[in-house]
Amino acid sequence: MPVQCAACGKKAILKRPKTADAMCRECFYWAFEEEIHKTIIDAKLFTPGDKVAIGASGGKDSTVLAYVMKALNDRYNYRLDLYLLSVDEGITGYRDDSLETVKRNRDQYCLPLKIVSYEDLYGWTMDAIVKEIGLKNNCTFCGVFRRQALDRGAMLTECNKIVTGHNADDIAETVIMNILRGDIARLRRCTAITTGQEGSLPRCKPFKYTYEKEIVMYAYFKKLDYFSTECIYSPNAYRGYARAFIKDVEKVRPSAIIDIIHSGESLSIKKDVKMPVQGTCTRCGYVSSQDVCKACLLLEGLNKGMPKLGIGKPHKVRKVRDIHGYV
Amino acid sequence: MSLNLKLEFSGGAELLVNKVKNHDITLPISSKLWTLRGLLDWIKDNLLAERPELFIQGGSVRPGILVLVNDADWELLGELEYELQDNDHIVFISTLHGG
């Protein structure tokens, strides 16, 4: 006897992790899309006329995001101009393959695509950076450069907003990682649905409450074309542990993912906790809590043959820079 | 008599089985019925190239790997206790890879 859909009584194909409801294919599509619509409306993520860059990696989350954003924009007449925006880090055998997926998405969804590369923006590909620095701190470079690259790419296409495919599982993972690191500033920021208004483009996460399982199931049933291979340079062990932990807890109690996000949202920081003051970089004008932003510092290190310059805590970096007489 | 199954590994799970997505397999009929639990043991012994712990943990699939039987979530079908039928299509999708 097949399990029936909680909404319509047809044959169910999936058990929703958030609600434990069994659902058929059509009711699942509808519930999945409507919840994202509700998130968008409740948080007032967009206003008509917005030009929105969808950060597109070719992976499952951003592929589903592009598909759903287009569907909802049509269904509810958000009147958004949607663009696909991809960052080419210059990683042979990884990004070049995933960019092919994004190009297919461009054609499948009829959305314009802009690709910005690290090589154009910074003069360095990740392949070249790894040759310089090895496989230890390369992810620091990539992460810092990607943040700015999305902003710069969005500005080049005159977009005024960026959406990314970060899902509920990702955010729960980040909460755990920030707790483990004692990173209070990021802990407070990481659950916000929109970040980065001052000095950079607003960035929002329409999948903030969307479970990874549902994103993958949606992509599977809709036969969406996505790319899934781990970056060849990234063992990313730390996030890997947080990720495995979240999945283990989800197995026992599926609501844990939303509960962890809720915990992050509810934290209030004591007044006497020192928080970094957000200013702007004196070199490039990008938001930074230091006088020179991390990207400029990393770049200075690369260009001066001291690639470790920007790695580590700011006060330690300052010491190194003082010793070497850099301004 | 034997039990024919179509196995599919995707979302990165194929990396654990020699990077091959589709495997048509035949299980010998034994006195006991084949369940998904038994299939996982069979996969461990016959398909997993290295590091089986990336696929199987505590006697089940590693949390974060989704399982579908004939396009339905195995969580609706009794998970490990599901009794396999001839020509079943079993899909394993990893969600643990980057998005």
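Residues numbered from 1 in each chain as written. Chains lettered and ligands numbered in written order. Predicted model: local features only at pLDDT ≥ 70, side-chain atom pairs only at ≥ 80, totals over all residues. Heavy atoms only, no water.

Some thoughts on the overall build of chain A
Summing up its helical and strand segments, chain A has 13 helices and 10 strands in all. Over its C-alpha trace chain A gives a radius of gyration of 21 Å, about what one expects of a compact globule, namely 20 Å for 327 residues. When its C-alpha atoms are laid out on the principal axes, chain A stretches across 75 × 45 × 35 Å. Counting across all 327 residues of chain A, residues that qualify as buried make up 51%. Within chain A, residue pairs in contact and separated by at least 24 positions form 68% of the contacts whose partners lie at least 6 positions apart. Surface exposure of chain A reaches about 15,800 Å², of which carbon and sulfur atoms provide 54%. Where the 51 positive side-chain charges of chain A centre and where its 39 negative ones centre are 4 Å apart. (Helix = DSSP H or I, 4+ residues; strand = E, 2+ residues; numbered from the N terminus. Rg over C-alpha atoms; globule rule 2.2 N^0.38 Å. Buried < 20%, exposed > 50% of the residue type's maximum accessible area, 1.4 Å probe, protein only. Contact = heavy atoms within 4.5 Å. Areas by Shrake-Rupley, 256 points an atom, 1.4 Å probe, with all protein chains shown as cover. Lys, Arg positive; Asp, Glu negative; His and termini not counted. Charge placed at Lys NZ, Arg CZ, Asp CG, Glu CD.)

Remarks on the domain arrangement of chain A
Residue and element names in this part refer to chain A. The domain boundaries assigned to chain A delineate domain 1 (28-275) and domain 2 (277-327). Here the C-alpha centre of domain 2 lies 26 Å away from the C-alpha centre of domain 1. Contacts between domain 1 and domain 2 engage 18 residues on the former and 15 residues on the latter. Around 1,500 Å² of area is buried between domain 1 and domain 2 when both sides are counted, 68% of it from carbon and sulfur atoms. Our count for the domain 1 to domain 2 interface comes out at zero salt bridges. Here the side of domain 1 that touches domain 2 takes seven residues from helix H6 (residues 138-156), the largest share from any one element. (Domains from an automatic or database assignment. Buried area = accessible area lost by both parts, 1.4 Å probe. Salt bridge = Lys/Arg side-chain N within 4 Å of Asp/Glu carboxyl O.)

A closer look at the interface of chain B and chain A
Of the residues lining the interface, 22 residues belong to chain B; the matching set on chain A comes to 26 residues. Between chain B and chain A, the buried area comes to about 2,200 Å², and carbon and sulfur atoms account for 57% of it. Scanning the region where chain B abuts chain A turns up four salt bridges. Between Glu75(B) and Lys213(A) there is a salt bridge whose closest N-O contact spans 2.9 Å. Seen at the junction of chain B and chain A, the total is seven residue pairs in polar contact (both at pLDDT 80 or more). (Polar contact = N/O pair within 3.5 Å; in protein donor to acceptor, adjacent residues only side chain to side chain.)

A word on the pairing of strand E5 (residues 65-69) of chain B
Residues and elements named next belong to chain B. For E5, the buried fraction is high: five of the five residues fall into the buried class. Here E5 shows two buried faces, one formed by Ile65, Val67 and Val69 and the other by Leu66 and Leu68. Of the strand pairs in this sheet, E5 and strand E7 (residues 88-94) are connected by five bridges, and their pairing is antiparallel. Opposite leucine 68, over in E7, you have valine 91 as the bridge partner. The antiparallel pairing of E5 with strand E6 (residues 72-73) creates a hairpin that spans two residues between the two strands, and asparagine 70 there sits at a positive phi of about 45 degrees. (Pairing = 2+ DSSP bridges.)

What about the packing of helix H7 (residues 168-181) of chain A against helix H11 (residues 256-266) of chain A?
All names here are of chain A. At their nearest, the axes of H7 and H11 sit 9 Å apart, and the two run at 50 degrees to each other. By the criterion of interaxial angle, the relationship of H7 to H11 is oblique. Taken as a pair, H7 and H11 cross one another with a handedness that is left-handed. The segment H7 lies against H11, with Ala168, Asp169, Ile171, Ala172, Val175 and Ile176 engaging Ile257, Ile260, Ile261 and Gly264. When grouped by side-chain class, the residues that make up the contact of H7 with H11 number eight nonpolar, one polar and one charged. (Axes fitted to C-alpha atoms, helices over the stretch in contact; angles between N-to-C directions. Parallel < 35°, antiparallel > 145°, perpendicular 65-115°, else oblique. Left-handed = near helix turned anticlockwise from the far one by under 90°. Nonpolar A, V, L, I, M, F, W, Y, C, P; charged D, E, K, R; others polar.)

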